[in-house]
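# Structural overview for review
Chain by chain, the residues:
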Amino acid sequence: MSKKAIQPEDLYDYQWVSDPSIHPDGSIAYMHKIIDREHNQYKTHIYYISADRKHTKRITDGDYDTAPSWSPDGRYLAFIRKTDKKPQLWILDYTSGSMTPYSKLERGIGFFRWSPDGRSIIMTSRVIGEYEKQAHLPDRGHIVERTTPKAEGSGLWNGTYQHLFLLELQHRQIKQLTSGEFDASYPVWSPDGTEISYLAQKKPSIIYSDMDLVFYNDLYTLNMASEQTELQTRHDLTISQFAYAPDGQSWTCIANNREYGSGTQNQVYRVDRSTGQIDSLTPYSDIQFGNFILNDMKSAAAIPGPIYDIDGQSVYVLGTYQGSVDIYRITNQGTCTAITTGGKDIHQLVVAPQGDRFVALIADANHPYELVELPVDPVAHHLSSDPYRLTHTADLWLSQHEVSIPESFWYTHEDGIKIQGWLMKPVQVTDNSDNIPLILQIHGGPHAMISDVYSHEMQTLVSQGYAVLMLNPRGSFGYGQHFAQACRQDFGGGDYRDLIEAVNHVLQHHPQLDEQRLGICGGSYGGLMVNWIIAHDHRFRVAVTQRCISNWISFYGISDIGISYTEGIVGGNPWEDFDQLWSQSPLAHVQHINTPLLIIHGEQDMRCPIEQSEQLYTALKRQGKQTKMVRYPDSNHTVLKSGKPSYRVDLLSHVNDWVKQHIHFPIEVNP
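Residues numbered from 1 in each chain as written. Predicted model: local features only at pLDDT ≥ 70, side-chain atom pairs only at ≥ 80, totals over all residues. Heavy atoms only, no water.

### Here we look at the overall build of the protein
Summing up its helical and strand segments, the protein has twelve helices and 40 strands in all. Taken along its principal axes, the extent of the C-alpha atoms in the protein is 75 × 65 × 50 Å. The buried share of the protein, taken over its 671 residues, is 59%. Long-range contacts, defined here as pairs at least 24 residues apart, represent 57% of the contacts in the protein between residues at least 6 apart. Averaging the locations of the 55 positively and 77 negatively charged side chains of the protein gives two centres separated by 5 Å. (Helix = DSSP H or I, 4+ residues; strand = E, 2+ residues; numbered from the N terminus. Buried < 20%, exposed > 50% of the residue type's maximum accessible area, 1.4 Å probe, protein only. Contact = heavy atoms within 4.5 Å. Lys, Arg positive; Asp, Glu negative; His and termini not counted. Charge placed at Lys NZ, Arg CZ, Asp CG, Glu CD.)

Structure (structure tokens):
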């Protein structure tokens, strides 16, 4: 039977898994997501894999159940269920099968963890401050005094702060633990259950009068008996995840010191409780700790913090390095060893209570994300046998479709920097094929990474008969600190040359590619680069820019990261550096754009607001250039990855149609 080419509408047939939780007996609960095409939405259910791995079944009856977590004794499974658009905590008694709601907080809950004794659960929820109650009355104009009163994903600030709540299970009593004008996040119980540590960005002194312009956060502890809070760090790190050492006397954190702004790679730090000493265990590593691979098939799942081994002498963390995310073991002395190696994206990681195996969410070039069991020797600290795949959601579908496997390559830039990339060719290509169109695909960030991991977006392009070129130009994470910061205050310089030289490199080494039929696509920072490149290099016959930046002057004041991002990437502000910001804006060079350009944007995008695309579109139309704009209502910056299913399919269809329409014809240059 001949296999089918992958089409945009095949998105409806995918299934997603995430959020594994291991029961003390070895069984596993996890989230399973599908698309309800009739209602144009996602449905999420909780599934169960038996300890002997022979049986899989659904164990909750809701259509919007997420985040399963077993109690320490394994009797209960807590999870989040969304009802009336408010996520609340529910608990399944696995002995009786009964499911009961345990929270009715006004704004729902966002995150929770079991206490070590299983008697309590710490949760996060949002509450409105006293001042904000007056500033956000429904029948009056909203008062805005914050420097950045908006955030991607949540929209305009509604006057609420995230705080910690304690649920005492026996009497079902909920108590608010923190309050004030700050957000408390990522609560973690101490090993003995006597305190909770959490992350917050509080105002420690008059020096930090505007917390919207401060990018550090701190680690705090809250004593459960006295309810006293104690600061454990010193206002100089941005911490993303952390974990208690088994003895409760220190913490291991994944963090960075913002020395190079958003281009600062993470390190693994140890915070000593008794001395207050904070030391980096990985000061010279080229690894970007955490997961920073961009991929449209990822589920919006929580990223794990450091995981201590059973003897407390080392931690396991995820690290992004040279196109792959793997598991690394870091000892208390700072020795870093890869537990897995290359060619995959490990997105989530949990460890069994006995420390003898991991369960991870893993994708590679051949297959979307699935749950995989990784047996590990807890004494020798290496995999003790081959990985075992626990879920098989895409096996049948993949056996019926053509999948293009990216070919890896490296090239050395003229200034000596080595660049990693991948070339995807249509499956039907033979040695005698020629005149294959080439599409340059540029990732966002720029402080992120693209890889060869299975991507529906990329597969739909290749299935049209195009080759796709992907690479990590300077500015990408996972190639060392110097590489990560290299594009900052040099936008349109080295990053531009890396991308253009990559095109030249593959054309030289792959004579099957047609240098007369080139296309270019990208989103976010990638969309910005598309706009810049087609204004300066006129060999591309077709272009697609998604959720882009076109004008640094206006972007500075309308994006939720406009101040820090503009000052970091370009290096200036509109009133002191107007000429610099304008000269590096694609809009300033719009008269030189002749490539037919498809512009795609979500109307509720707070990261790269839609006016950036509107300005570009208007300027092109005024000059009679070939352009079209596609707008998606009620959609933010992640429309391609988590937007309405119909929007995602429609978006990819527009891209394919636009490229097909223009890739075969020369550019008409208007006078």
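Still more ground to cover, so stick around.
### Observations regarding the packing of aromatic side chains
What the rule picks out here adds up to 24 aromatic pairs. Between W410 and Y479 the ring centres are 6.1 Å apart and the planes differ by 75°, which places this aromatic pair in the edge-to-face class. Of the two residues, W410 is situated in strand β33 (residues 407-412) and Y479 in the loop between β36 (467-472) and α4 (481-485); the sequence distance between them amounts to 69 residues. Residues Y479 and F483 carry aromatic rings whose centres are separated by 5.2 Å and whose planes lie at 45° to one another, so their mutual orientation is tilted. By relative accessible area, Y479 is classed as buried at 13%. Each member of the aromatic cluster is reached from another via a ring pair, and the members are F491, Y525, W532, W552, F555 and Y565. (Phe/Tyr/Trp six-rings, centres within 6.5 Å; stacked < 30°, edge-to-face > 60°.)

### Description of the sheet that holds strand β14 (residues 173-176)
Reading across from one edge, β9-β10-β13-β14 is the order of the four strands in this open sheet, with antiparallel pairing throughout. The strands lining the two open edges of the sheet, one partner per strand, are β9 (111-114) and β14. Taken pair by pair, the neighbouring strands of this sheet meet at an average axis angle of 30°, ignoring direction. Of the pairings in the sheet, the one linking strand β10 (residues 120-128) to strand β13 (residues 160-168) comprises nine bridges and is antiparallel in character. Each bridged residue has a counterpart across the sheet, and for M123 the counterpart in β13 is F165. (Pairing = 2+ DSSP bridges. Axes fitted to C-alpha atoms, helices over the stretch in contact; angles between N-to-C directions.)

### Here's the deal with the state of the cysteines
Under the criterion given, the structure shown has zero disulfides. Cysteine C253 shares no disulfide, and the gap to the nearest cysteine sulfur, in C336, comes to 17 Å. In this structure C253 comes out as buried when scored by relative accessible area, which is 0%. We note that C521 lacks a disulfide partner, and the nearest cysteine sulfur, in C548, lies 13 Å from it. In this structure C521 comes out as buried when scored by relative accessible area, which is 3%. (Disulfide = S-S within 2.5 Å.)

### Re the sheet that holds strand β1 (residues 16-22)
Taken in spatial order, the four strands line up as β1-β2-β3-β4 in an open sheet, and their pairing is antiparallel. Each end of this open sheet is capped by a strand with a single partner; those strands are β1 and β4 (56-58). The sheet shows a mean angle of 30° between the axes of neighbouring strands, taken without regard to direction. Bridge analysis of strand β2 (residues 28-36) against strand β3 (residues 41-49) gives nine bridges, and the strand direction is antiparallel. Bridging from a neighbouring strand, M31 pairs with I46 of β3.

### Description of unusual backbone geometry
Cis peptide bonds are those with omega within 30 degrees of zero, and the linkage from G445 to P446 qualifies with 0°. Within the secondary structure, P446 sits in the loop between β35 (436-442) and α3 (456-462). In this structure, R172 is a non-glycine residue whose phi angle is positive, near 55°. On the secondary structure map, R172 appears in the loop between β13 and β14. Note on R172: relative accessible area 47%, which makes it partly exposed. Notably, R547 is not glycine yet its phi reads approximately 40°, a positive angle. Locating R547 in the fold gives a position in the loop between β38 (540-546) and α7 (552-558).

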